[in-house]
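# Observations on the three-dimensional arrangement
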Amino acid sequence: MKYSKATNYALHTMLHLAVATPEKPMGVQQLAQQQKLSPTYLSKILTKLVKEGMVQSASGANGGYLLKANWESISFLDIIHAIEGKASLFDCDVDHGPNCLIQQVMVSAEEKMEEELRNVKIADLAKEITAAK
């Protein structure tokens, strides 16, 4: 299974924000430099995260992006859905109807994976990094 690079960058950006400055805005330039990518590309990713209510943008000289007040509850799955959408990873193209055994196996596996990703919070990883310092 493979997610887009945008999802990978979104997960890393959220972790950077959680570890570095959960209450203070961080500029897109600085965030982009940390991941060695274009600020324009990262801005598009951040726009999706803002739209989903995970990140807020602050304008002005000391502006940038910061996590929303309830950021501790944001899971990997929340971030993945913000970037990739909520569509199923698998759709059976053969018209067997809802009783397709292949699709049942794939949907069950997807549900288990989503449950795991729902249980992993960005805050948990931020705590691990902070404790290791």
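As the structure is a prediction and not an experimental result, all values here were calculated from the model. (Residues numbered from 1 in each chain as written. Predicted model: local features only at pLDDT ≥ 70, side-chain atom pairs only at ≥ 80, totals over all residues. Heavy atoms only, no water.)

Across the interface, helix 1 (residues 5-20) lies against helix 6 (residues 122-132) with an axial gap of 9 Å and an inter-helix angle of 55°. One element, helix 1, and the other, helix 6, form an angle in the oblique class. Between helix 1 and helix 6 the crossing geometry is right-handed. Between helix 1, through Leu11, Met14, Leu15, Ala18 and Val19, and helix 6, the contact on the second element is made entirely by Ile122, Leu125, Ala126 and Ile129. (Axes fitted to C-alpha atoms, helices over the stretch in contact; angles between N-to-C directions. Helix = DSSP H or I, 4+ residues; strand = E, 2+ residues; numbered from the N terminus. Parallel < 35°, antiparallel > 145°, perpendicular 65-115°, else oblique. Left-handed = near helix turned anticlockwise from the far one by under 90°. Contact = heavy atoms within 4.5 Å.)

In total, this model carries 1 aromatic pair according to the counting rule given. Ring centres 5.8 Å apart and planes at 90° place the aromatic pair Tyr9 and Tyr41 in the edge-to-face group. Taken as a pair, Tyr9 in helix 1 and Tyr41 in helix 3 (residues 39-51) lie far apart in primary sequence, 32 residues in all. In this structure Tyr9 comes out as buried when scored by relative accessible area, which is 19%. (Phe/Tyr/Trp six-rings, centres within 6.5 Å; stacked < 30°, edge-to-face > 60°. Buried < 20%, exposed > 50% of the residue type's maximum accessible area, 1.4 Å probe, protein only.)

Bringing the pattern of salt bridges into the picture now. Summed over the entire model, instances satisfying the criterion amount to 1 salt bridge. Glu115 is the salt-bridge partner of Arg118, the closest N and O atoms lying 2.8 Å from each other. Taken together, the residues Arg118 and Glu115, both in helix 5 (residues 101-119) and 3 residues apart, mark about one turn of the helix. The class for Arg118 is partly exposed, based on a relative accessible area of 36%. (Salt bridge = Lys/Arg side-chain N within 4 Å of Asp/Glu carboxyl O.)

Positive phi outside glycine occurs at Lys36, with the angle close to 55°. Relative to the helices and strands, Lys36 is located in the loop between helix 2 (28-35) and helix 3. Relative accessible area serves as the criterion here: at 77%, Lys36 is assigned to the exposed category.

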